[in-house]
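Descriptive structure summary
Okay, here's what each chain looks like letter by letter:
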Amino acid sequence: MLLTVDIGNTNITLGVFKGKKLMATFRMNTIQARTSDEYGAEMRDMLSGNGIAAEDISDAIVASVVPNVMHAMTSAIIKYFHTKPIIIEAGIRTGIRVAGRNPRQVGADRIVDAAAVYELYGGPTIVIDYGTATTFDLVDEDGTFTACVIAPGIRTSAQSLWSMAAKLPEFEIKKPRTILAQDTIACMQAGIVYGQVGQTEYIVKRMKEEFGRDDVKVVATGGLGRIIYKETDTIDVYDPQLTLHGMRLIFEKQKK
């Protein structure tokens with residue numbers, strides 16, 4: 001089985017594949033101070049709870065935007081799963097060509113999303129990832145990562161409200177009953193959710209206009225992306241496991 005590890009700024013998402021089938025997914029907080037043993041033991045226990053033994057893992061692949069976690073995580077995989085993981089970085093085959101002046105600045109997670117969306121949905125496509133940042137990445141019809149927009153993420157925006165405004169409370173991120181909200185929490189929920197919907201619709205519209213084509217498919221991923229997907233016709237597909245499948249596809253390219 002293949003273990004895929006997507007290390008984001010907020011969460012680490014893990015998937016286990018048997019061939020092309022995603023057998024299980026797990027999430028843990030990204031805590032930079034963890035040791036390799038802490039990561040290894042937690043991953044092993046998560047797998048065991050879903051009927052997957054450490055010995056079942058034959059290969060692993062890692063994508064990370066948090067460099068400080070990488071030594072502990074790769075050491076954990078080697079020690080607890082007895083396999084050296086493939087690291088998604090410059091020089092490995094992804095099926096995607098990155099245009100622009102500094103292609104090495106593009107995060108591994110976004111390369112993975114671009115590779116997945118091109119392989120699974122074709123191009124031209126805009127892939128939107130609702131994570132710590134909300135990213136809009138344009139992949140053209142020949143698999144070139146053409147352009148991108150980066151904006152504050154949904155939870156990042158919400159946290160800035162309750163952490164920087166003394167009288168605004170922490171709140172659950174969900175769509176309120178109406179945009180004509182009257183209590184403080186509902187007002188904040190309306191601002192966050194409908195603000196993200198409006199941002200999504202405008203950015204996608206403007207990207208299509210400047211790209212010069214209207215036949216661009218829009219695919220969204222990321223945990224909170226489901227909320228936005230339900231509120232707009234701008235997004236054609238919501239695929240919550242897009243990144244994990246992209247890692248599987250990139251792993252398969254290394255074996256050819």
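Up top is the structure.
What you see is a predicted model; the values in this text were computed from it and never measured.

Let's talk about the nonpolar core
Soluble globular proteins: nonpolar side chains tend toward being buried together. By size, the foremost hydrophobic cluster in this structure holds 27 residues, and its most contacted members are Val-5, Ile-7, Met-73 and Phe-81. If we skip the residues at most four places from it in the chain, Val-5 touches Ile-12, Thr-13, Leu-14, Ile-61, Val-62, Ala-63, Met-73, Ile-77 and Met-247.

Let's talk about the packing of aromatic side chains
Overall, the coordinates contain 2 aromatic pairs when judged by the stated rule. Relative to Phe-171, the ring of Trp-162 has its centre 5.3 Å away and its plane inclined at 90°; by these criteria the two rings are edge-to-face. For the pair formed by Trp-162 and Phe-171, the shared burial category is buried. Centroid distance Tyr-229 to Tyr-238: 5.9 Å. Interplanar angle 25°. Geometry classified as stacked. Take Tyr-229: its relative accessible area is 32%, and that puts it in the partly exposed class.

As for the layout of surface pockets
What the largest pocket holds in volume is close to 910 Å³. Lining the largest pocket are 34 residues, with Arg-27, Asp-129, Tyr-130, Gly-131 and Thr-132 positioned closest to its centre. When contributions to the lining of the largest pocket are tallied by element, the ones reaching two or more residues are strand S1 (2-7), strand S2 (11-18), strand S3 (21-29), helix H3 (108-121), strand S7 (125-130), strand S8 (133-139), helix H4 (154-164) and helix H7 (242-254). Top element by residues in the lining of the largest pocket is H4. It accounts for 4 residues. Classifying every residue of the lining of the largest pocket by side-chain character gives 11 nonpolar, 17 polar and 6 charged. Taken as a whole, the second largest pocket encloses approximately 300 Å³ of empty space. Forming the boundary of the second largest pocket are 14 residues, of which Glu-89, Ala-90, Pro-103, Val-106 and Ile-111 lie nearest the centre.

What counts, and where the lines are drawn
Residues numbered from 1 in each chain as written. Predicted model: local features only at pLDDT ≥ 70, side-chain atom pairs only at ≥ 80, totals over all residues. Heavy atoms only, no water. Core = buried A, V, L, I, M, F, W, Y, C linked by side-chain atoms within 4.5 Å. Buried < 20%, exposed > 50% of the residue type's maximum accessible area, 1.4 Å probe, protein only. Contact = heavy atoms within 4.5 Å. Phe/Tyr/Trp six-rings, centres within 6.5 Å; stacked < 30°, edge-to-face > 60°. 1 Å grid on protein atoms, 1.4 Å probe; cavity = no way out; pocket = protein on both sides within 12 Å on 5 of 7 lines; lining within 4 Å. Points joined across faces, edges and corners; volume = space filled by probe spheres on them. Helix = DSSP H or I, 4+ residues; strand = E, 2+ residues; numbered from the N terminus. Nonpolar A, V, L, I, M, F, W, Y, C, P; charged D, E, K, R; others polar.

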